[in-house]
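Survey of secondary and tertiary structure
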Amino acid sequence: MADRLPLPVAGLLALLLGAGLPMLAGAQARRAPVQCWNDDRGQKVCGDVVPPSEARRQRELIDQRGVVTRVVPAQKTAAQIEAEAKLRRETEQRIAYDRYLLQAYNAVPDIERARDDRLTDLDSRLRLAEKALADTRASLSDLRLRIPKAAVTIDPRLQARIDEFTIAEADHLKAVARIRQDRARIVLDFARDIVRFRELKGSAGG
């Protein structure tokens, strides 16, 4: 039987019960189920064949008796698929990290010791970075004092040294800021770990 174009819902009954439609199983070959969906205007449209432009929509499959035998869900958009994939990844990561917490630590004091070890290392690095910054600034100040007050131009070698220490000062400033940020992040991360560990253990005392 030739495929039919989509029909308005008003024509569905005629399509199902029209003259010559096989009504008895085995009497003639059974026709494909009619499919119905809502178009962009919210109106129901039915037909033997779903146009490619409508294939993404949710559809109802209706048999010869006018009974909905199956509902084909709407196709998901790329954004929905990506959102679901992201949610699955986050869930898997959370489960894996929970497993890590329970395997790595026996009690909250263990987490606190690990935190303190990390902070001790960072504090040592921070002191070195701050000292390097202070030394560089002192050297830069000394170099600038060597510029004669009435000088119109600066000795190229002196200027090169000033430029060198100016760049070093900026690098040390970045290093100090980065270490301080890492320290704040570690404090926050371990605080969250302690809260989550207690939740997993089901005990306020860990």
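Treat the numbers as computed from the prediction; the structure is a model and nothing was measured.

Glancing now at the nonpolar core. Tyr-105, Ile-111, Val-176, Ile-179, Ile-186, Phe-190 and Phe-197 are the most contacted members of the largest nonpolar core, which has 15 residues in total. Elements supplying a minimum of two residues to this core: α3 (108-145) and α4 (156-201). Element by element, the count of residues in this core is highest for α3, at seven residues. Residues Leu-140, Leu-143, Leu-158 and Ile-162 belong to the second largest nonpolar core, which totals five residues.

The next thing to look at is the confidence of the model for the protein chain. Looking at the protein chain, the pLDDT average stands at 84 and 83% of residues meet or exceed 70. When pLDDT is averaged over each element of the protein chain, α3 comes out on top at 97 and helix α1 (residues 12-17) at the bottom at 49. Contacts from residues 1-5, a stretch scored under 50 in pLDDT, to residues over four places away or in other chains number eight contacts. Below pLDDT 50 for its whole length, residues 15-29 participates in 21 contacts with residues either more than four positions away or in separate chains.

The next subject is α4. For α4, which comprises 46 residues, the first-to-last C-alpha distance of 67 Å matches the rise-based estimate of 68 Å (1.5 Å per residue) to within 8%. Residues of α4 that are buried: Leu-158, Ile-162, Phe-165, Glu-169, Ala-175, Val-176, Ile-179, Ile-186, Phe-190, Asp-193, Ile-194 and Phe-197. Contact partners of the buried residues in α4: α2 (78-104) and α3. The distance from a side-chain oxygen at the start of α4 to the backbone nitrogen of Arg-157 is 2.7 Å, and the residue carrying that oxygen is Asp-155.

For the rest of this paragraph, the subject is the packing of aromatic side chains. In total, this model carries two aromatic pairs according to the counting rule given. With a centroid separation of 6.2 Å and 75 degrees between ring planes, the pair formed by Tyr-100 and Tyr-105 is classed as edge-to-face. For Tyr-105, a relative accessible area of 9% translates into the label buried. In textbook terms, an aromatic cluster arises when at least three aromatic residues are bridged by ring pairs, as seen for Tyr-97, Tyr-100 and Tyr-105.

So, how was this worked out
- Residues numbered from 1 in each chain as written.
- Predicted model: local features only at pLDDT ≥ 70, side-chain atom pairs only at ≥ 80, totals over all residues.
- Heavy atoms only, no water.
- Core = buried A, V, L, I, M, F, W, Y, C linked by side-chain atoms within 4.5 Å.
- Buried < 20%, exposed > 50% of the residue type's maximum accessible area, 1.4 Å probe, protein only.
- Helix = DSSP H or I, 4+ residues; strand = E, 2+ residues; numbered from the N terminus.
- pLDDT = per-residue confidence, 0-100.
- Contact = heavy atoms within 4.5 Å.
- Expected span 1.5 Å × (residues − 1).
- Polar contact = N/O pair within 3.5 Å; in protein donor to acceptor, adjacent residues only side chain to side chain.
- Phe/Tyr/Trp six-rings, centres within 6.5 Å; stacked < 30°, edge-to-face > 60°.

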